[in-house]
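Letter by letter, the chains look like this.
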Amino acid sequence: MTTDDDHSRPAGASILVPLLHPDEPAPFRILRPEGRSDMVLTADHAGRVIPRRLGTLGLPQSELDRHIGWDIGIAGVTERLSRALDATAIFQTYSRLVIDCNRSPEVPTSIPEISEATEIAGNRNLSPADRLIRRREIFAPYHDCIDRILDARAARRTVLVAMHSFTPVFRGESRAMQVGVLYNRDPKLARILLDLLRAEPGLTVGDNAPYSVSDLTDYTVPVHAERRGLPHVEIEIRQDLIADPEGEAAWADRFTGLLTEADRRLRDSTQ
């Protein structure tokens, strides 16, 4: 038996089965949408939820709890920063292993089949429909939310701060730096923040390290900040330093002062 819907669907087209059940978390959450600060904080890898339809992606919980699944500690730091600065903050809810919200969906690593040395069985041999539904239900709502917030602030000054964390050891190589400052086409705010961090006692600071921003490896800064011409910076904090509430609070306190001073100097330099 055929229906009108069958006749209207192109030959060979797949039916998109919803990924998220109605009772599952939204793909983003917002703190202080009416925040008075010029700063807007984003946390692309804050969450580690896996949609029930995907099970565990073929991984034990120990793997999902590692850095491959989320940016350990960054949600707590960003929540505290949002409160201290009275800044709007947007958090991604789902694990980057489902779809990485800081990668263009056109990039192969958007839905990784391997992360570090771990094979992600649940991401292998995905159909175009599988990829599309993850993009529609997780990636797009998160970035649409950021767009709406930035659009609503179009008449006021806005500084985008992208928050991330990194592992102390990557592929067997230890990382001595405690914090990194990342940028691409517009380094002005990053350069100021680098100078302030380097003046902090006992810190080893990465300049576009342990990562750097590019159109292939990042999405939030190139799309939401660079295309709009917004002042911005991407911050990376070593995850072992923010793996507990005390560490989260300490680094949030540090960046409350540093970001406030960096933004003051940036404004002074452009007046």
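Details of the structure are given in the entry above.
The model shown is predicted, which means the values in this text are computed figures rather than measured ones. (Residues numbered from 1 in each chain as written. Predicted model: local features only at pLDDT ≥ 70, side-chain atom pairs only at ≥ 80, totals over all residues. Heavy atoms only, no water.)

Asks: Where do I start with the overall build of the chain in this structure?
Replies: Within the chain, the secondary structure is distributed over seven helices and 11 strands. A globule of 271 residues ought to have a C-alpha radius of gyration of about 18 Å, and the chain, at 20 Å, matches this closely. Taking all 271 residues of the chain together, 50% fall into the buried category. Between the mean site of the 34 positive side-chain charges and the mean site of the 41 negative ones, the chain shows a separation of 2 Å. (Helix = DSSP H or I, 4+ residues; strand = E, 2+ residues; numbered from the N terminus. Rg over C-alpha atoms; globule rule 2.2 N^0.38 Å. Buried < 20%, exposed > 50% of the residue type's maximum accessible area, 1.4 Å probe, protein only. Lys, Arg positive; Asp, Glu negative; His and termini not counted. Charge placed at Lys NZ, Arg CZ, Asp CG, Glu CD.)

Asks: Even after reading the chapter, I still don't get the sheet that holds strand E11 (residues 232-238), so can you show me in this structure?
Replies: Strand order in this open sheet of seven strands is E1-E3-E2-E6-E11-E9-E10, and the pairing throughout is mixed. Of all strands in the sheet, those with a lone pairing partner are strand E1 (28-31) and strand E10 (205-207), marking the two edges. Each strand axis lies, on average, 20° off the axis of its neighbour in the sheet, ignoring direction. Here helix H5 (residues 188-198) sits on the sheet and contacts strand E6 (159-166), strand E9 (179-182), E10 and E11; the angle it forms with E10, its principal contact strand, is near 155°. Running at roughly 155° to E11, helix H7 (residues 245-270) makes contact with strand E2 (39-43), E6, E9 and E11 of the sheet. (Pairing = 2+ DSSP bridges. Axes fitted to C-alpha atoms, helices over the stretch in contact; angles between N-to-C directions. Contact = heavy atoms within 4.5 Å.)

Asks: Mind showing me how you'd approach the packing of H5 against H7 here?
Replies: Geometrically, a packed helix pair is captured by the angle between its two axes and the distance between the axes. At a minimum axis distance of 9 Å, the contact between H5 and H7 shows a crossing angle of 130°. Taken together, the axis directions place H5 and H7 in an arrangement best described as oblique. For the crossing formed where H5 meets H7, the hand is right-handed. From H5, Lys 188, Leu 189, Ile 192, Leu 193, Leu 196 and Leu 197 reach across to H7, where they touch Phe 255, Leu 258, Leu 259, Glu 261, Ala 262, Asp 263, Arg 265 and Leu 266. For the contact of H5 with H7, the residue count by class is 10 nonpolar, no polar and four charged. (Parallel < 35°, antiparallel > 145°, perpendicular 65-115°, else oblique. Left-handed = near helix turned anticlockwise from the far one by under 90°. Nonpolar A, V, L, I, M, F, W, Y, C, P; charged D, E, K, R; others polar.)

Asks: Would you mind showing me how to read the side chain of Thr 42 here?
Replies: Inspection of the secondary structure puts Thr 42 in strand E2. Other than its neighbours up to four places away in sequence, Thr 42 contacts Ile 90, Tyr 142, Ile 146, Leu 160, Val 161, Ala 162, Met 163 and Thr 220.

Asks: In this structure, what is going on with the pairing of E2? I would like to understand it.
Replies: For a regular strand, side-chain orientation follows a simple rule: the groups alternate between the two sheet faces. Counting buried positions along E2 gives five out of five residues, so the element sits mostly inside the fold. Here E2 shows no split at all, with Met 39, Leu 41 and Ala 43 on one side and Val 40 and Thr 42 on the other all buried. With four bridges connecting them, E2 and E6 associate as parallel partners. Of the residues in E6, the one forming a bridge with Val 40 is Leu 160. Bridging between E2 and strand E3 (residues 88-92) involves four bridges; their strand directions are parallel. By the bridge assignment for E3, Thr 42 is matched with Ile 90.

Asks: Whenever I open this one, the layout of surface pockets confuses me. Can you help?
Replies: Gaps between atoms show up when a probe of the same size as a water molecule is rolled over them. Space inside the largest pocket adds up to approximately 660 Å³. Around the largest pocket, the lining comprises 27 residues; the ones closest to its centre are Arg 96, Asp 100, Arg 103, Ser 115 and Tyr 211. The set of elements that each furnish at least two residues to the lining of the largest pocket consists of strand E4 (114-115), E6 and E11. Split into classes, the residues belonging to the lining of the largest pocket amount to seven nonpolar, 10 polar and 10 charged. (1 Å grid on protein atoms, 1.4 Å probe; cavity = no way out; pocket = protein on both sides within 12 Å on 5 of 7 lines; lining within 4 Å. Points joined across faces, edges and corners; volume = space filled by probe spheres on them.)

Asks: Would you mind showing me how to read helix H3 (residues 74-85) here?
Replies: Note on helix geometry: an α-helix contains 3.6 residues per turn, so any two residues three or four positions apart are oriented the same way. With 12 residues, H3 extends 16 Å between its outermost C-alpha atoms, agreeing within 8% with the 16 Å of an ideal straight helix rising 1.5 Å per residue. Against the buried residues of H3 lie E1, E2, E3, E6, E11 and H7. (Expected span 1.5 Å × (residues − 1).)

Asks: Is there a simple way to think about the pairing of E9 in this case?
Replies: Residues Val 179 and Val 181 of E9 are buried on one face, and the alternating residues Gly 180 and Leu 182, pointing to the opposite face, are buried as well. Note: E9 against E10, three bridges, orientation parallel. Each residue of the ladder has a partner; that of Gly 180, found in E10, is Gly 206. Remark: the E9/H5/E10 crossover connection has right-handed handedness. One ladder, built from four bridges, connects E9 with E11; its direction is antiparallel. Counterpart to Val 181 in the pairing with E11 is Ile 235. (Right-handed = clockwise from strand over helix to strand, strands pointing away.)

Asks: Please explain the pattern of salt bridges as it appears in this structure.
Replies: Any two side chains of opposite charge can pair, so long as their charged atoms come close to each other. All chains considered together, the criterion is met by 27 salt bridges. Note that Arg 52 is salt-bridged to Asp 23, the shortest N-O span being 2.9 Å. Linking Arg 52 in the loop between E2 and helix H2 (61-64) with Asp 23 in the loop between helix H1 (4-8) and E1, this pair joins segments that are 29 residues apart in sequence. For Asp 23, a relative accessible area of 59% puts it in the exposed group. The residue Glu 119 makes a salt bridge to Arg 124 at a minimum N-O spacing of 3.8 Å. (Salt bridge = Lys/Arg side-chain N within 4 Å of Asp/Glu carboxyl O.)

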